[in-house]
Amino acid sequence: MSHPAQVPAPAKLGVLTGLGFLGRAVGIAFRSPKLLLLGAIPAVLTTLLMLGGLITLAYWAGDLATWLTPFADTWSDWLRQTTRFIAGLAVVVGAIAVSVVAFTAITLVVGSPFYEHISETVEDSLGGVPEAEKVSWGRMLWLGIRDSILLVAVSILINLPLLFAGFIPVVGQTVIPVLVACVGGWILALEFSAVPFTRRGLTLKQRHHILRRHRGMVLGLGVPAYLLCAIPFVSILAMPIVFIAATLMAREALSRRP
């Protein structure tokens, strides 16, 4: 009895593929300064807002560390100070982790028309999207706000245990920051790729399912994007470049659906 031939699953895409999209995006952005400028405008306001918040947090980090570690009040000076330094560092790292995701979410919502135009321009230059759905600006804004709130909430829930794990000596200062960057990079990739998926009528859940098949590619793009967006002012130029790269990544992942 003969069996029907099975169609092999599309090959998974790796870390280097994600990094390659960032390289291509740099070329596209600097060949089209208008796209770079459009993507940078919303990021300027959000950068100033988030920077102010982080400076305030850093100023009060010592007091927060003391409040979080009342059990250390009776310890020896060196042990109490070391514990509270680690606690303060964990608070700042956790805040940065959430703020990078929040920064991206706010910037993408505020700059929704700009980033939608950038995504369409990039995709049209590559052949367009024949099955593209016409999504009104209002609906795109609503979907962006809804998905961003969900992703920021997920980021907070995941980073809370990582924040407490940051108190663990050595591990908290080595392994935990790597995990934070991977989690943040994954969430950023989901945020940045929203427009091309929405144009095809796909939801956040479907976006996550499709990108999950290519974890290496997503992290190869998402982790560097996370690190770049965590640097004040560098994030202004990083935003449009990463957005272009995420559009390229989404297009590639979508073309490989079984």
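Parameters and conventions
- Residues numbered from 1 in each chain as written.
- Predicted model: local features only at pLDDT ≥ 70, side-chain atom pairs only at ≥ 80, totals over all residues.
- Heavy atoms only, no water.
- Helix = DSSP H or I, 4+ residues; strand = E, 2+ residues; numbered from the N terminus.
- Buried < 20%, exposed > 50% of the residue type's maximum accessible area, 1.4 Å probe, protein only.
- Contact = heavy atoms within 4.5 Å.
- Lys, Arg positive; Asp, Glu negative; His and termini not counted.
- Charge placed at Lys NZ, Arg CZ, Asp CG, Glu CD.
- Core = buried A, V, L, I, M, F, W, Y, C linked by side-chain atoms within 4.5 Å.
- Phe/Tyr/Trp six-rings, centres within 6.5 Å; stacked < 30°, edge-to-face > 60°.
- Salt bridge = Lys/Arg side-chain N within 4 Å of Asp/Glu carboxyl O.
- Disulfide = S-S within 2.5 Å.
- Polar contact = N/O pair within 3.5 Å; in protein donor to acceptor, adjacent residues only side chain to side chain.

Trainee: Even after reading the chapter, I still don't get the overall build of the protein chain, so can you show me in this structure?
Mentor: Secondary structure summary: the protein chain contains 10 helices and 0 strands in total. Taking the principal axes of its C-alpha atoms as reference, the protein chain extends roughly 75 × 55 × 30 Å. The buried share among the 258 residues of the protein chain stands at 47%. For the protein chain, the proportion of contacts with a sequence separation of at least 24, taken over those separated by at least 6, is 82%. Put simply, the protein chain has 19 plus and 12 minus side-chain charges, and the middle of one group is 8 Å from the middle of the other.

Trainee: Looking at this structure, I do not really get the nonpolar core. What am I missing?
Mentor: Nonpolar side chains in soluble globular proteins generally cluster together in the buried interior. Ile118, Phe192, Met239, Ile244 and Met249 are the most contacted members of the largest nonpolar core, which totals 62 residues. Considering every element that reaches this core, the biggest residue donor is helix 10 (residues 234-255), with 13 residues. Those residues in contact with Ile118, other than ones at most four positions away along the chain, are Leu35, Leu38, Gly39, Phe243 and Ile244.

Trainee: What is the right way to read the packing of aromatic side chains from this model?
Mentor: Aromatic ring pairs are described here by two measures, namely the spacing of the ring centres and the angle between the planes. Per the counting criterion, the structure on display carries 1 aromatic pair. Judged by centre distance (5.0 Å) and plane angle (45°), the rings of Tyr115 and Phe243 are tilted. With Tyr115 in helix 4 (residues 112-125) and Phe243 in helix 10, this residue pair connects regions lying 128 residues apart in the sequence. Pair check on accessibility: Tyr115 and Phe243 agree, each one buried.

Trainee: Looking at this structure, how should I read the pattern of salt bridges?
Mentor: Under the criterion given, the structure shown has 6 salt bridges. The partner of Glu123 in a salt bridge is Arg199, and the shortest N-O contact between them spans 3.3 Å. Here Glu123, found in helix 4, pairs with Arg199, found in helix 7 (residues 194-199); they are 76 residues apart in sequence, far enough to count as distant. The burial state of Glu123 is the same as that of Arg199; both residues are buried. Between Arg207 and Asp147 there is a salt bridge; the shortest N-O distance is 3.0 Å. Placement of Arg207 in helix 8 (residues 204-212) and of Asp147 in helix 5 (residues 137-165) is noted, with a sequence separation of 60 residues between them. Here the two residues Arg207 and Asp147 agree in accessibility, since each one is buried. Through salt bridges that share partners, Glu123, Arg199, Arg200 and Arg251 make up one connected network.

Trainee: Explain the state of the cysteines to me, please; I cannot follow it from the model alone.
Mentor: Here a disulfide denotes a covalent bond joining the sulfur atom of one cysteine to the sulfur atom of another. For the structure shown, the criterion picks out 0 disulfides. Free cysteine Cys182: the closest other cysteine sulfur is in Cys229, separated by 16 Å. Judged by its relative accessible area of 29%, Cys182 is partly exposed.

Trainee: I would appreciate a short explanation of the side chain of Arg200 in the present structure.
Mentor: Secondary-structure assignment places Arg200 in the loop between helix 7 and helix 8. Residue classification places Arg200 among the buried residues on the basis of a relative accessible area of 14%. In terms of polar contacts, Arg200 uses its side chain to reach the side chain of Glu123, at 2.7 Å.

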